[in-house]
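# Examination of the molecular architecture
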Amino acid sequence: MAIIPQFYKNAVVSIGIKKPNDHIVWMGTGFFMTRRADDQGNVRPFLVTNKHVFQGKSSIVIRMKEKGTENLKEIDAPIVKDDGTPTYVLHPQNDIDIAVLPLNVSFITTNNLEFPSFDIDVNAMTSSELRDNGVEEGTLIYMLGYTMGLVNQSSSRPICRLGCIARISEAQIQEQHNILVDIQNFPGNSGSPIINRPELLSIQGTKNLDRSVLVGIIHSYIPYQETLINSQTGKTVEIRSENSGLAYVHPVEYIREIIDSIFPLQNH
């Protein structure tokens, strides 16, 4: 039984950088989003990822499928203008690790690319909308991305990992701008979308969300650190750091704030 909509998987892309010998190093994940531009079905396209995936780079490579085929194309996408100005937009708050790259429709049509995408106003919910629809601690989630740069040569499919929401309280989001999730997040997953698992069953008197929507974007994990102290000197000799299995996700409202600043929601 299919639980994750196919176009969600297809909307997730690997992001890489090209080395001088044209070797591509895959180092992050992004996903395509759209917003309706008019009543004729025209949309404004965007690529969403973490800002730390873009920063310090002048160009990236996006791996996409050619329209109507199974052929994969590695498309160069400049993200800095000739004068050094970024073409992507960052969230104005420094501690919110989200970048949105507006895309020209010609970028898609000229390269004859498929462009499945999350509709920011249809396939996504803010943290308050999620809570109002029964999403809470323990709700199952999926992360779609390219863990440790694991990219297949003949397939564009992301790796799916299962976890759950650990904390989605309003206080958590106001204080840290994050939803806390229990999931194994490793390098390469930066910029991966988090979606909920739809549920048909619920405890009597409670709500359940029976469709899958974008919950947010993952950006970091919480390390567990252990300090080793020399018993004779009392000084620290080593600090060991491990992945705790807990990770931070910026909820959808912060992605919407950036897209609203680029292309406000049209009322038709």
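Calculation criteria
Residues numbered from 1 in each chain as written. Predicted model: local features only at pLDDT ≥ 70, side-chain atom pairs only at ≥ 80, totals over all residues. Heavy atoms only, no water. Helix = DSSP H or I, 4+ residues; strand = E, 2+ residues; numbered from the N terminus. Rg over C-alpha atoms; globule rule 2.2 N^0.38 Å. Buried < 20%, exposed > 50% of the residue type's maximum accessible area, 1.4 Å probe, protein only. Contact = heavy atoms within 4.5 Å. Areas by Shrake-Rupley, 256 points an atom, 1.4 Å probe, with all protein chains shown as cover. pLDDT = per-residue confidence, 0-100. Pairing = 2+ DSSP bridges. Axes fitted to C-alpha atoms, helices over the stretch in contact; angles between N-to-C directions. Phe/Tyr/Trp six-rings, centres within 6.5 Å; stacked < 30°, edge-to-face > 60°. Salt bridge = Lys/Arg side-chain N within 4 Å of Asp/Glu carboxyl O. Polar contact = N/O pair within 3.5 Å; in protein donor to acceptor, adjacent residues only side chain to side chain. 1 Å grid on protein atoms, 1.4 Å probe; cavity = no way out; pocket = protein on both sides within 12 Å on 5 of 7 lines; lining within 4 Å. Points joined across faces, edges and corners; volume = space filled by probe spheres on them. Nonpolar A, V, L, I, M, F, W, Y, C, P; charged D, E, K, R; others polar.

### Structural notes on the overall build of the chain
Per the secondary structure count, the chain includes six helices and 14 strands. Computed over its C-alpha atoms, the radius of gyration of the chain comes to 20 Å, within 12% of the 18 Å expected for a compact globule of 268 residues. C-alpha extents for the chain along the principal axes are approximately 70 × 60 × 40 Å. Put simply, the chain has 268 residues, and 43% of those count as buried. Long-range pairs, those at least 24 residues apart, make up 66% of the contacts in the chain with a sequence separation of at least 6. Summed over its atoms, the accessible surface of the chain is roughly 13,700 Å², and 48% of this surface lies on carbon and sulfur atoms.

### So, the confidence of the model for the chain
A low pLDDT means the predicted coordinates there should not be read in detail. The share of residues in the chain with pLDDT of 70 or more is 96%, and the mean pLDDT across the chain is 90. Mean pLDDT values over the elements of the chain span from 84, in helix 3 (residues 105–110), up to 98, in strand 12 (residues 193–196).

### Remarks on the sheet that holds strand 12
Read around the barrel, six strands follow the order 9-10-11-14-13-12 and close on themselves; strand pairing throughout is antiparallel. Taken over all neighbouring pairs, the strand axes of this sheet differ in orientation by 45° on average, direction set aside. As paired strands, strand 11 (residues 179–182) and strand 14 (residues 236–251) are joined by four bridges and run antiparallel to one another. For Ile179, the partnering residue across the bridge sits in strand 14 and is Val249. In the packing of helix 6 (residues 252–262) onto the sheet, the strands contacted are strand 13 (214–229) and strand 14, and the crossing angle to strand 14 comes to about 70°.

### Regarding the packing of aromatic side chains
Per the stated rule, a full pass over the model turns up five aromatic pairs. Residues Phe54 and Tyr88 carry aromatic rings whose centres are separated by 5.0 Å and whose planes lie at 45° to one another, so their mutual orientation is tilted. Of this pair, Phe54 sits in helix 2 (residues 51–54) while Tyr88 sits in the loop between strand 5 (72–78) and strand 6 (89–90); the two residues are 34 residues apart in sequence, bridging distant segments of the chain. We note that Phe54, like Tyr88, is buried. Three or more aromatic residues joined by ring pairs make a cluster, and in this case those are Phe7, Tyr8, Phe31 and Phe118.

### Brief notes about the pattern of salt bridges
Scanning all chains against the criterion turns up six salt bridges. Between Asp121 and Arg35 there is a salt bridge, and its shortest N-O distance comes to 2.8 Å. Note that Asp121 is positioned in the loop between strand 8 (118–119) and helix 4 (127–132) and Arg35 in strand 2 (residues 24–36), a separation of 86 residues in sequence. According to the relative accessible area criterion, Asp121 is partly exposed, its value standing at 29%. If you follow the salt bridges from partner to partner, you end up with Arg35, Asp121 and Asp260 in one network.

### Some words on the environment of Asp121
The spatial distance from the C-alpha of Asp121 to the C-alpha of Asn189 is 24 Å, given a sequence separation of 68 residues. Apart from residues no more than four positions distant in its own chain, Asp121 is found in contact with Arg35, Arg256 and Leu265. At a separation of 2.8 Å, a polar atom in the side chain of Asp121 contacts the side chain of Arg35.

### Overview of empty space enclosed by the protein
The tally for this structure, following the rule as stated, stands at one cavity of 30 Å³ or more. Along the walls of the largest cavity sit Lys9, Asn10, Val12, Val13, Phe32, Arg63, Met64, Lys65, Glu114, Pro116, Tyr146 and Ser156, which together make up its complete lining. Contributing elements (two or more residues each) for the lining of the largest cavity: helix 1 (6–10), strand 1 (12–18) and strand 4 (59–65). Broken down by element, the residue count for the lining of the largest cavity peaks at three residues, all from strand 4.

### With respect to the layout of surface pockets
Approximately 170 Å³ is the volume attributed to the second largest pocket. As for the second largest pocket, its lining consists of Ala77, Pro78, Val80, Lys81, Thr87, Leu101, Pro102, Leu103, Asn104 and Phe107. At the level of secondary structure, the elements contributing two or more residues to the lining of the second largest pocket comprise strand 5 and strand 7 (99–102). Split into classes, the residues belonging to the lining of the second largest pocket amount to seven nonpolar, two polar and one charged.

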